[in-house]
There are 2 protein chains.
Amino acid sequence: MAKTIQFWFEFASTYSYLSAMRIEAAAQAKDISVEWHPFLLGPIFADQGWRNSPFNIYPAKGRYMWRDMERLCAARGLPFVRPDPFPQNSLNAARLALAIEDHMERAVFVRAIYSAEFGAGQDISDKSVLAACLKAAGLSTSVMNRAQDPDVKKALFEQSARARELGLFGAPSFLAREELFWGDDRLDDAIDYALAI
Amino acid sequence: MAKTIQFWFEFASTYSYLSAMRIEAAAQAKDISVEWHPFLLGPIFADQGWRNSPFNIYPAKGRYMWRDMERLCAARGLPFVRPDPFPQNSLNAARLALAIEDHMERAVFVRAIYSAEFGAGQDISDKSVLAACLKAAGLSTSVMNRAQDPDVKKALFEQSARARELGLFGAPSFLAREELFWGDDRLDDAIDYALAI
């Protein structure tokens, strides 16, 4: 049975962009498969008393994060544009990602969204941007209707509830053999942990 | 002129322990010298509305941090004991570190404190622990009197004010050519940045 890593991401999260762009290659190199798990951080942040991104609530932390992202993206050859507004409303993108059941297809769509958002500064709550991402991923825009089904909405709600149960408090997070790893900085450790049996 | 990296640490900070134990070797390997800068995070956290460690305020984040530290210390062959209480009162340790003017001597003392605190679970507000750390570092316990001088108290106050000016919001932080790096995960990047001219 193939070994697996769970990748939990929030579309509004800057550091999730970094992981989304490299996790598939990093996992494949070690013969591990990736489960792509969109979820919403909003409810979890609200538990902590935050009604906004901590990068907006705490300005010094926010200033640092933007500079850190700039440096990391430059080092990795990734384009980086600060989206406006930040954080983006990620609800529809997350529903769309869940509506795409095949994880390889979902991965391609997720990367298209992150590229639009942080690579090109586009607004991912905009339906025309979402439609363009579906097309870029080789998918039918009929997924947009499917994403409005009550079962998809419920599935996203359940993802976020599951994230809370798993002890997630930020994104990206990785689950390897039920062990939690947080942050793009821990992606390689998480992959090694998934392997180490 | 030798290239330099500034290491800003808070004795109560778990992740600062990780950096304190490896920064000297990592910097020396690239012919860089380290300035050891103790400071207090309390006033900076208070600016953010926190009267306690964020790892206590946000339980999911705290649970994760302890597990993460356990994994990282195991991987690096470092002993790790959770001190009680957490966070420790680091005021006297920070004054002592500042009272030791030579940075090589200070470094040895700083590592002794972190080893007592996170390697052995000792209380670093306890004068007998502080005295033992001075001895372990080959220093006279007369530093304890010196640490109570008004100019040392003032110097620590100024360190924390300077930390705020530099945009520090957590520890460990590194300053390389006026560029800020946060977290033990960025230590190697900071050293490379200090080198890259």
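Residues numbered from 1 in each chain as written. Chains lettered and ligands numbered in written order. Predicted model: local features only at pLDDT ≥ 70, side-chain atom pairs only at ≥ 80, totals over all residues. Heavy atoms only, no water.

S.K.: How do you make sense of unusual backbone geometry when you look at a structure like this?
M.R.: Only a minority of non-glycine residues have a phi that is not negative, and only a minority of peptide bonds are not trans. Residues and elements named next belong to chain B. Between phenylalanine 86 and proline 87 the backbone carries a cis peptide bond, its omega angle lying at -5°. With respect to the helices and strands, proline 87 occurs in the loop between helix H5 (59–76) and helix H6 (91–99). The step from alanine 171 to proline 172 runs through a cis peptide bond, and the omega angle for that step is 0°. Within the fold, proline 172 resides in the loop between helix H10 (150–165) and strand S3 (173–176). Backbone geometry at aspartate 31 places phi at a positive 65°, although glycine is not the residue there. With respect to the element layout, aspartate 31 can be found in the loop between helix H2 (23–28) and strand S2 (32–38). (Helix = DSSP H or I, 4+ residues; strand = E, 2+ residues; numbered from the N terminus.)

S.K.: Looking at this structure, how should I read the environment of aspartate 184 of chain A?
M.R.: All names here are of chain A. Counting through the fold element by element, aspartate 184 comes out in the loop between strand S4 (179–182) and helix H11 (187–195). When the C-alpha atoms of aspartate 184 and phenylalanine 9 are compared, they prove to be 11 Å apart, with 175 residues separating the residues in sequence. Beyond its immediate stretch of four places on either side in the chain, aspartate 184 contacts Tyr15, Leu18, Ser19, Arg22, Arg76, Pro172 and Phe174. Side chain to side chain, aspartate 184 and arginine 76 meet in a polar contact 2.8 Å long. (Contact = heavy atoms within 4.5 Å. Polar contact = N/O pair within 3.5 Å; in protein donor to acceptor, adjacent residues only side chain to side chain.)

S.K.: Just to check I follow, could you spell out the side chain of glutamate 179 of chain B for this structure?
M.R.: Inspection of the secondary structure assignment puts glutamate 179 of chain B in strand S4 (residues 179–182). The class of glutamate 179 of chain B is buried, set by a relative accessible area of 11%. Side chain to side chain, glutamate 179 of chain B and arginine 67 of chain A meet in a polar contact 2.5 Å long. When near neighbours in sequence (up to four residues on either side) are disregarded, glutamate 179 of chain B contacts Arg67 and Arg71 of chain A together with Phe174 and Tyr193 of chain B. (Buried < 20%, exposed > 50% of the residue type's maximum accessible area, 1.4 Å probe, protein only.)

S.K.: I'm lost on the sheet that holds S4 of chain B in this one. Help?
M.R.: Sheet strands pair by backbone hydrogen bonding; their relative direction is either parallel or antiparallel. Residues and elements named next belong to chain B. The sheet built from four strands is open, its strands ordered S2-S1-S3-S4 with mixed pairing. Strands with a single pairing partner mark the edges of an open sheet, and in this sheet they are S2 and S4. Within the sheet, the average angular offset between the axes of one strand and its neighbour, ignoring direction, is 25°. Across three bridges, the pairing between strand S1 (residues 3–9) and S3 is antiparallel. Note that in S3 the partner of phenylalanine 7 across the bridge is phenylalanine 174. (Pairing = 2+ DSSP bridges. Axes fitted to C-alpha atoms, helices over the stretch in contact; angles between N-to-C directions.)

S.K.: Help me out: how do you make sense of the sheet that holds strand S2 (residues 32–38) of chain A in this one?
M.R.: All names here are of chain A. Read across the sheet, four strands follow the order S2-S1-S3-S4 without closing on themselves; strand pairing throughout is mixed. This sheet does not close on itself; its edge strands, each paired only once, are S2 and S4. The mean angle between the axes of side-by-side strands here comes to 25°, regardless of whether they run parallel or antiparallel. Sheet strands in contact with helix H7 (residues 103–119) are strand S1 (3–9) and S2, and its direction is about 60° off that of S2.

S.K.: How do you make sense of the interface of chain A and chain B when you look at a structure like this?
M.R.: It is common to report an interface's size as the accessible area lost on association of the parts. Listed by partner, the interface residues are 21 residues for chain A and 21 residues for chain B. Summing both sides of the interface, chain A and chain B together bury roughly 1900 Å²; the carbon and sulfur share of this comes to 51%. Among the residues chain A hides against chain B, the three largest losses belong to Tyr58, Tyr64 and Arg186 of chain A. Together they make up 29% of the total. For the interface between chain A and chain B, the tally reads eight salt bridges. Across the contact surface, chain A and chain B share 15 residue pairs in polar contact (both at pLDDT 80 or more). (Buried area = accessible area lost by both parts, 1.4 Å probe. Salt bridge = Lys/Arg side-chain N within 4 Å of Asp/Glu carboxyl O.)

S.K.: Could you clarify how one ought to interpret the side chain of serine 160 of chain B in this entry?
M.R.: Residues and elements named next belong to chain B. Residue placement: serine 160 occurs in helix H10. At a separation of 3.1 Å, a polar atom in the side chain of serine 160 contacts the main-chain amide nitrogen of leucine 40. Those residues in contact with serine 160, other than ones at most four positions away along the chain, are Phe39, Leu40 and Ile44.

S.K.: Help me out: how do you make sense of the packing of H6 of chain B against H10 of chain B in this one?
M.R.: Describing two packed helices takes the angle between their axes plus the distance from one axis to the other. Residue and element names in this part refer to chain B. At their nearest, the axes of H6 and H10 sit 9 Å apart, and the two run at 105° to each other. Overall, the two elements H6 and H10 adopt an arrangement that is roughly perpendicular. Contacts between H6 and H10 involve Leu91, Ala94, Arg95, Leu98 and Ala99 on the former and, on the latter, Val152, Lys153, Ala155, Leu156 and Gln159. Its residues assigned to classes, the contact of H6 with H10 shows seven nonpolar, one polar and two charged. (Parallel < 35°, antiparallel > 145°, perpendicular 65-115°, else oblique. Nonpolar A, V, L, I, M, F, W, Y, C, P; charged D, E, K, R; others polar.)

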